[in-house]
Amino acid sequence: MRRILVIGAAGQIGSELVPELRKKYGNDNVIATGRKTPLPDEVKENGPVIYLDALEKILLSKVLFEYEIDTIFHMASILSAVGEKMPQAAWNININGLINVLEASRAYGIKTLIWPSSIAAFGPTTPRENTPNTTILEPTTMYGISKVAGELLCEYYYHKYQLDVRSIRLPGIISSETLPGGGTTDYAVEIFYETIRNKQYTCFLREDTVLPMMYMPDCNKALIDLLEADNSKLKRRVYNITGMSFSAGEIASEIKKHFKEFTIDYKPDFRQEIADSWPKSIDDTLARKEWGWEPMYNLESMTKDMIEKLSKRL
Ligand code: SER
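Since the structure is predicted, the reported quantities are computational estimates derived from the model, not experimental observations.

**What to know about the overall build of the protein**
Within the protein one finds 12 helices and 13 strands. Relative to a compact globule of 314 residues, whose C-alpha radius of gyration would be 20 Å, the protein shows 19 Å and is just as compact. By its C-alpha atoms, the protein is 55 × 45 × 40 Å across when sized along the principal axes. In the protein, buried positions account for 55% of the 314 residues. Across the protein, contacts joining residues at least 24 apart in sequence account for 79% of those joining residues at least 6 apart.

In structure tokens form, the structure reads like this:
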């Protein structure tokens, strides 16, 4: 049985990953950590919860030691849009946080560390259609820069210290439980909340903006499958993965199939430039080949499920 630490359990992904992990590995074996944002009730009530700031080295060591942790999901990060408002903080949390976790993992013999990279690691010089795993990485956002540096650090720690660190480049994640905190792909979550509440949405990206996306159940599956993958099959530390690609106009049309009254207008802001620097679609053949990645949801099935879940809750 594993002893798992989830850093950043209040976030969009962490808050849904913790319950999934607890189902699989047992409630008491999954320690959820937060710093400022309150943790969801489901996370608080069903297993251990502690305060942890990944920037505090001593605290991090204390937690790994006292809870006998052998597996870490390091999910705490400042996303792309907020990162452009405070680039120094984004670097600090994303990179200094990661180095602390890598160092503590090395010192305490952590068996596996999972850390998400992002499509933000790509930039305007990267081929935008069917972006390959190995390609040009020249991002123009601080978030993207921190992801590229992070990927290189993970490779470095694997080769230099044999620390088993694994990473996936996540696309935009669409989820129904916790709102994302300040990314460029957030529109694809907000659009559902506004549909249910007001039947109207003003999108901060242009209608024809196409981005790679993934539904949360697929994201959880990818993270857990990567954790359980046989290391001898992994030929690299960082993998492209994707669930679907659509434009803002296409998701709006899909929503209209369920709500005829739904209307959308487009007022692109500073996030448009970020979106324009990212791929439209991702080639995830290597993840499929090396650890059996396969998404369950497409635009149609994701939209149906999001509407069902949010209609019940809101
Ligand atoms: N969802 C992230 C963002 O928009 C991409 O990794 O910043």
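**A closer look at the pattern of salt bridges**
In the structure shown here, the tally under the stated rule is 21 salt bridges. Put simply, Asp 70 and Lys 111 hold a salt bridge, and the shortest N to O gap is 3.7 Å. With Asp 70 in the loop between α3 (57-66) and β4 (71-74) and Lys 111 in the loop between α5 (87-107) and β5 (112-114), the pair connects residues that are 41 residues apart, well separated along the chain. We note a salt bridge from Arg 166 to Asp 164, for which the minimum N-O separation is 2.8 Å. For the pair formed by Arg 166 and Asp 164, the shared burial category is buried. Counted as one network, the salt bridges with shared partners bring together Asp 164, Arg 166 and Arg 237.

**Looking at the packing of aromatic side chains**
One pass over the full model with this rule turns up 6 aromatic pairs. Note on Tyr 157 and Tyr 161: the rings are 5.1 Å apart at their centroids and 50° apart in plane angle, and the pair reads as tilted. Taken together, the residues Tyr 157 and Tyr 161, both in helix α6 (residues 142-161) and 4 residues apart, mark about one turn of the helix. Judged by relative accessible area, Tyr 157 falls into the buried class, the value being 7%. Here the aromatic rings of Tyr 215 and Tyr 297 are separated by 4.8 Å at their centres, their planes lie at 80°, and the arrangement is edge-to-face. On the criterion of sequence distance, the pair formed by Tyr 215 in strand β10 (residues 210-215) and Tyr 297 in the loop between α11 (285-291) and α12 (299-313) is long-range, its members being 82 residues apart. For Tyr 215, a relative accessible area of 1% corresponds to the buried category. Here the aromatic residues Tyr 156, Tyr 157 and Tyr 161 are joined through ring pairs into a cluster of three or more. Over the face of the ring belonging to Phe 270 we find Lys 85, whose NZ or CZ atom lies 4.1 Å from the ring centre. Here Arg 106 stacks its cationic end above the ring of Tyr 161, 4.0 Å away from the centre of that ring.

**Notes on the sheet that holds strand β12 (residues 244-247)**
Spatial ordering of the open sheet is given by β8-β10-β12, a layout of 3 strands whose pairing is mixed. Single-partner strands in this sheet number two, and they are β8 (172-174) and β12. Direction aside, neighbouring strands of the sheet carry axes that sit 45° apart on average. On the sheet, helix α8 (residues 216-228) packs against β8 and β10 and is oriented at approximately 75° with respect to β10.

**Some details on the environment of Leu 17**
Position of Leu 17 relative to the elements: it lies in helix α1 (residues 14-25). Distance in space between the C-alpha atoms of Leu 17 and Val 43 is 9.6 Å, their sequence separation being 26 residues. When residues no more than four places from it in sequence are discounted, the contact partners of Leu 17 are Phe 73, Met 75, Asn 220, Leu 223 and Ile 224.

**Here we look at the packing of helix α7 (residues 187-198) against helix α9 (residues 248-256)**
Contact geometry of α7 with α9 gives a least axis separation of 11 Å together with a crossing angle of 30°. On the basis of the axis angle, α7 is roughly parallel to α9. Considering how the two elements wind past one another, α7 and α9 form a crossing that is right-handed. Contacts from Tyr 187, Ala 188, Ile 191, Phe 192 and Thr 195 of α7 reach α9 at Ala 248, Ile 251, Ala 252 and Ile 255. Among the residues forming the contact of α7 with α9, the class breakdown is 8 nonpolar, 1 polar and no charged.

**Observations regarding the site of the ligand**
Inspection of the region around the ligand gives Leu 79, Ser 80, Ser 118, Tyr 143, Gly 183, Thr 184, Thr 185 and Trp 278 as its neighbouring residues. Within the side chain of Ser 80, an N or O atom sits 2.6 Å from an oxygen atom of the ligand. Between the ligand and Thr 184 there is a distance of 2.6 Å, counted from an oxygen atom to a backbone nitrogen or oxygen. When the free accessible area of the ligand is taken as 240 Å², the share hidden by the protein chains comes to 92%.

**A word on the environment of Gly 181**
Within the element layout of this structure, Gly 181 appears in the loop between β8 and α7. If we ignore the near neighbours within four places in the chain, the residues touching Gly 181 are Leu 79, Val 82 and Asp 186.

Rules and cut-offs
- Residues numbered from 1 in each chain as written.
- Predicted model: local features only at pLDDT ≥ 70, side-chain atom pairs only at ≥ 80, totals over all residues.
- Heavy atoms only, no water.
- Helix = DSSP H or I, 4+ residues; strand = E, 2+ residues; numbered from the N terminus.
- Rg over C-alpha atoms; globule rule 2.2 N^0.38 Å.
- Buried < 20%, exposed > 50% of the residue type's maximum accessible area, 1.4 Å probe, protein only.
- Contact = heavy atoms within 4.5 Å.
- Salt bridge = Lys/Arg side-chain N within 4 Å of Asp/Glu carboxyl O.
- Phe/Tyr/Trp six-rings, centres within 6.5 Å; stacked < 30°, edge-to-face > 60°.
- Lys NZ or Arg CZ within 6 Å of the ring centre and 35° of its normal.
- Pairing = 2+ DSSP bridges.
- Axes fitted to C-alpha atoms, helices over the stretch in contact; angles between N-to-C directions.
- Parallel < 35°, antiparallel > 145°, perpendicular 65-115°, else oblique.
- Left-handed = near helix turned anticlockwise from the far one by under 90°.
- Nonpolar A, V, L, I, M, F, W, Y, C, P; charged D, E, K, R; others polar.
- Near = heavy atom within 4 Å.
- Polar contact = N/O pair within 3.5 Å; in protein donor to acceptor, adjacent residues only side chain to side chain.
- Areas by Shrake-Rupley, 256 points an atom, 1.4 Å probe, with all protein chains shown as cover.

Purely geometric numbers; function is a separate question.
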